[in-house]
Amino acid sequence: MLTVSVRKNLKDFSLDVDFHSESKITALFAPSGSGKSLTLQTIAGLMKPDGGKIEVNGEVFFDSEKGINLSPQQRKVGYLFQDYALFPHMTVIENIRYGSKDEKLIERLLRILEIDSIRNKYPSEISGGQKQRVALARALATRPKILLLDEPFSALHKSLRLSLYREIKEIQRIFEIPIVLVSHDIDEVFELADFMVVMNEGKVVQLGKPFDVFMNPRNEKIARLLGHRSFLKGRVQKLERSYVSVETEKGFVFKCKKNSDLKVGDRVIVSVLPFSLALNPAVESTRVIALVKKIISGREITKVVIDLGEEIELSIPSSLSPNFIIEEGRTATFYLCADFMPVIKEDL
């Protein structure tokens, strides 16, 4: 359980964060400069907030009203930095032993993270992925009450990141401690987190389960932060039990994802997600005939850009692309699934 409600005014930035999470892994998701790392620093005790409260599993780390401000040592936080922060003059085993004399736990971590074979090597002699595992072992060797991950995977290639994601989940299962992950990679959030906090300009703008947040952005700005990139403006034409009908400015009528906050006539923005393409017509899909402007063939995904008054990017799994008869410069028929076309009320 994690509660963070803090305020901090700096020279050119203000942090005002308020969220509560009971999830195993919580992600702070935002573009650079939004206050994610500052939030971690307040949890770790490396920066004192001007006011507020921080509580981890029932233990109060900070409470401005009660005058509580535990030191970093008292908080027992495991902190994994982007640059690993290993001591270059120490071997792997010496780095892990720094701050911990629990030899039984250290040996266990060497086995779990598969770094026993490099225990006597120096950081300069091991790979980036191995450095990451050593840094993680060192953070866990102190038996922390919470583990903070500050974009630790951003410099690693995809296959290594996926391997470390599995290890992080296994670490959480074994040690049963809350983990807070800082990330600006939505795919990473989906891989790891049970709960996400979307931040922008020092404030929380939306929170919830990753899929729920992604499929229900509160506004266009948040949708773009989350990676939505194809939008159509229109008005709500009809409210059905399982979908919303929206007529776009160019006259297309789409069945879209149901949104209970809407009423007929509302000005809205439809986000056409790349994976909204349906293989077969269904009740909750819309048939459109559109000009194919561009086809980009990839190893796993074929990207197709079509003209619906605005350029819309769709994704077809490459293994299924032979099912679609499409050619640049010619029209083609597509079926778009309502469940993957969220509707956002337009800000007036």
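Remember, predicted model here, so these are calculated numbers, not experimental data.

Student: Mind showing me how you'd approach the packing of aromatic side chains here?
Tutor: Summed over all chains, the structure comprises 6 aromatic pairs. Relative to F275, the ring of F214 lies with its centre 6.4 Å away and its plane at 25 degrees, an arrangement referred to as stacked. You can see F214 sitting in helix 8 (residues 210-215) and its partner F275 sitting in the loop between strand 15 (267-271) and strand 16 (277-278), a full 61 residues away along the chain. When the ring of F275 is compared with that of F340, the centres are 5.4 Å apart and the planes differ by 75 degrees; the resulting orientation is edge-to-face. On the criterion of sequence distance, the pair formed by F275 in the loop between strand 15 and strand 16 and F340 in the loop between strand 20 (331-337) and strand 21 (343-345) is long-range, its members being 65 residues apart. Each residue in the set F190, F214, F275 and F340 is aromatic and connected to the rest through ring pairs, giving one cluster. Sitting above the plane of the F175 ring, R108 keeps its charged end 5.6 Å from the centroid.

Student: Sorry, what's going on with the sheet that holds strand 20 here?
Tutor: Backbone-to-backbone hydrogen bonds join strands into a sheet, with any given pair of strands oriented parallel or antiparallel. In space, the 5 strands of this open sheet follow the order 16-20-17-18-19, with antiparallel pairing throughout. Lying at the two open borders of the sheet, with one neighbouring strand each, are strand 16 and strand 19 (311-317). Two strands pair when backbone bridges link them, and strand 16 and strand 20 are joined in this way by 2 bridges, in the antiparallel orientation. By the bridge assignment for strand 20, A278 is matched with Y335.

Student: Looking at this structure, how should I read the sheet that holds strand 13 (residues 243-248)?
Tutor: Taken in spatial order, the 5 strands line up as 14-13-12-15-21 in an open sheet, and their pairing is antiparallel. One side of each edge strand has no neighbouring strand; the edge strands of this open sheet are strand 14 (253-257) and strand 21. The sheet shows a mean angle of 45 degrees between the axes of neighbouring strands, taken without regard to direction. In terms of strand pairing, strand 15 meets strand 21 through 3 bridges, oriented antiparallel. Directly across from V270, in strand 21, lies its bridge partner V343.

Student: For this particular structure, what's the right way to read the packing of helix 4 (residues 103-112) against helix 5 (residues 128-141)?
Tutor: Packed helix pairs are characterised by how far apart their axes lie and by the angle those axes make with each other. Remark: helix 4 packs on helix 5, axes separated minimally by 10 Å, with the N-to-C direction vectors making an angle of 150 degrees. On the basis of the axis angle, helix 4 is roughly antiparallel to helix 5. Note that helix 4 runs across helix 5; the crossing there is right-handed. On helix 5, the residues that touch L105, I106 and L109 of helix 4 are A137, L140 and A141. Split into classes, the residues belonging to the contact of helix 4 with helix 5 amount to 6 nonpolar, no polar and no charged.

Student: Sorry, what's going on with the pairing of strand 9 (residues 179-183) here?
Tutor: Each regular strand shows side chains that alternate between the opposite faces of the sheet. Burial within strand 9 is extensive, with 5 of its 5 residues counted as buried. Side chains of strand 9 alternate between two faces, with I179, L181 and S183 and V180 and V182 buried alike. Summarising the sheet, strand 3 (residues 25-29) and strand 9 pair through 5 bridges and their orientation is parallel. Residue pairing across strands places L28 opposite V182, the latter belonging to strand 9. Where strand 8 (residues 146-150) meets strand 9, 4 bridges bridge the pair, whose relative direction is parallel. Considered in strand 9, the bridge of L149 is made with L181.

What counts as what
Along each chain, residues carry numbers from 1 onward, in the same order as the chain's sequence is written. Under the rules for a predicted model, residues below a pLDDT of 70 receive no local features and side-chain atom pairs below 80 are neither given nor counted, while totals for whole chains, interfaces and linings still include all residues. Hydrogen atoms and water are omitted, and side-chain values are computed over all heavy atoms in the structure. Here a Phe, Tyr or Trp ring, Trp counted by its six-membered ring, pairs with any other such ring whose centre lies within 6.5 Å, and the pair is stacked when the planes are under 30 degrees apart, edge-to-face when over 60, and tilted otherwise. A helix here means a DSSP run of H or I that spans at least four residues, while a strand means a run of E at least two residues long, and both kinds are numbered starting from the N terminus. Two conditions define a charge sitting above a ring: the NZ of Lys or the CZ of Arg must be within 6 Å of the ring centre, and it must be within 35 degrees of the ring normal. Any two strands between which DSSP finds at least two bridges are classified as paired. Lines fitted to C-alpha atoms define the axes here, with helix axes fitted over just the stretch in contact, and angles between the N-to-C directions of these axes take values from 0 to 180 degrees. Note that the term roughly parallel is reserved for angles under 35 degrees, roughly antiparallel for angles over 145, roughly perpendicular for angles of 65 to 115, and oblique for everything else. Handedness of each helix crossing follows the sense of rotation of the near helix against the far helix: counterclockwise by less than a right angle gives left-handed, clockwise gives right-handed. Contacts between residues were defined by any pair of non-hydrogen atoms, one from each residue, lying within 4.5 Å. The classification used treats Ala, Val, Leu, Ile, Met, Phe, Trp, Tyr, Cys and Pro as nonpolar, Asp, Glu, Lys and Arg as charged, and all other residues, Gly among them, as polar. Note on exposure labels: buried denotes an accessible area under 20% of the residue type's maximum, exposed denotes more than 50%, and partly exposed covers the range between, all computed with a 1.4 Å probe on protein chains only.

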